[in-house]
Amino acid sequence: MVLANPEAIGLPPGTGDDSAIEHAAGIEFLTALREGNEPEARRIILDAFLSGQSIAEICDRMLAPAFHRLGELWRCNQIEVYQERRACEVCLRVIHELRRAVGSGQANAPLALGATLDGDPYTLAVSMGEVVLRDLGWRSVSLGNMLPFETLHRAIETDRPRLMWLSVTSIRDADRFIASFNTLFDTASAWECALVVGGQAFGSDIRQRLRYTTYCDTFGHMASFARTLYTESGQ
Ligand code: B12
């Protein structure tokens, strides 16, 4: 359904408009997620991969827009919580399929570790980051969600990643977050680990108070940055 002026009846702008999702395949994917149709969701995404789209493109142009739209539908009470959660489960399994499809980097490829931080329960973007970097030949490993800052210091010191990606959708206490984050950046710098950050909680107000190597709006941006550190061909 397309609404000409959703704001006039108290709905957020864009309600009922799936055109924000670029491709027909993106709309089909959204439908499959809404219906919990896992085989169809898997088929659509693997088709995109087999047709030559990079993992970053699939994440930025198909997976993320579908969830942004699901978030709007949830806010407007047009889908049930169970449908949103089921969509997350389906998507995680699809990401896992992509992970199997791209394989893992060579033994001598640089290591990358990723996580969400304490109090941040979101799982999709951090899992996507792992596959995006694997697609570029990195040995990337997601540590999962809700990791305390202290353990990420240990991970950097012990495993010596060349890059750590952090996805931040939810921040409980901004002042504490900023202090802990900046200390993590000090550790990362000391061990020559690039700290790459992204996520919906990183507005410009909070970014101005944080130190990191690079902020990315999209996984495409992270892929471009990661290529400046390492390419499989060594060129
Ligand atoms: C699924 C979901 C949940 C699930 C998550 C389950 C899971 N396993 O992950 C659960 C149930 C936990 C949840 C809870 C809540 N949610 Co919620 N959720 C969502 C939803 C629908 C999808 C999130 C998602 O994964 N998106 C897909 C990712 C891939 O998109 P993305 O984060 O934008 O990532 C892209 C870029 O930002 C970037 N990026 C992101 N991270 C990184 C990292 C790096 C390194 C790089 C390079 C790039 C990058 O690249 C990605 C691809 O382009 C969003 C809607 C939305 N707009 O996303 C709401 C949404 C985020 N939730 C919302 C709300 C309100 C809540 C709750 C408060 C609801 C409640 N009353 O309990 C709680 C809060 C929980 C908490 N402690 O913070 C609001 C937030 C509004 C706001 N700004 O404050 C949203 C926007 C929904 C809405 N329209 O209102 N949620």
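Residues numbered from 1 in each chain as written. Predicted model: local features only at pLDDT ≥ 70, side-chain atom pairs only at ≥ 80, totals over all residues. Heavy atoms only, no water.

**Some thoughts on helix α3 (residues 55-75)**
In this model α3 runs 28 Å from its N-terminal to its C-terminal C-alpha over 21 residues, within 8% of the 30 Å that 1.5 Å per residue would give. The axis of α3 is deflected most strongly, by about 30°, at A64, and proline P65 appears within four residues downstream. When we look at burial in α3, the residues that qualify are I55, A56, I58, C59, M62, L63, P65, A66, F67, R69, L70 and L73. Among the structural elements, α1 (24-35), α2 (38-50), α4 (81-102), α5 (124-135) and α9 (219-229) are those in contact with the buried residues of α3. Positive backbone phi, approximately 60°, marks N77, located one or two places after α3. (Helix = DSSP H or I, 4+ residues; strand = E, 2+ residues; numbered from the N terminus. Expected span 1.5 Å × (residues − 1). Bend = angle between axes of the 7 residues up to and from the residue. Buried < 20%, exposed > 50% of the residue type's maximum accessible area, 1.4 Å probe, protein only. Contact = heavy atoms within 4.5 Å.)

**As for the nonpolar core**
Of all hydrophobic cores here, the largest spans 46 residues; its most connected members are I45, L63 and L163. Sorting the residues of this core by element identifies α1, α2, α3, α4, α5, β3 (163-167), β4 (194-198) and α9 as the ones contributing at least two each. Looking at which domains feed residues into this core, each of domain 1 (15-102) and domain 2 (111-229) gives three or more. When neighbours within four sequence positions are excluded, L63 is seen to be in contact with F29, I45, I58, C91, I95 and M128. Grouped together as the second largest cluster of nonpolar side chains are 25 residues, L147, I156, F185 and A201 included. (Core = buried A, V, L, I, M, F, W, Y, C linked by side-chain atoms within 4.5 Å. Domains from an automatic or database assignment.)

**What to know about the pattern of salt bridges**
Evaluated as defined, the whole model comprises 10 salt bridges. We note a salt bridge from R43 to E28, for which the minimum N-O separation is 3.4 Å. With R43 in helix α2 and E28 in helix α1, the pair connects residues that are 15 residues apart, well separated along the chain. Residue classification places E28 among the partly exposed positions, given a relative accessible area of 37%. Its salt-bridge partner being D175, residue R209 comes within 2.9 Å of it at the nearest N-O pair. Placement of R209 in the loop between α8 (204-207) and β5 (214-215) and of D175 in helix α7 (residues 174-190) is noted, with a sequence separation of 34 residues between them. Residue class for R209 comes out partly exposed when judged on its relative accessible area of 46%. (Salt bridge = Lys/Arg side-chain N within 4 Å of Asp/Glu carboxyl O.)

Bear in mind that shape data such as this cannot, by itself, settle questions of function.
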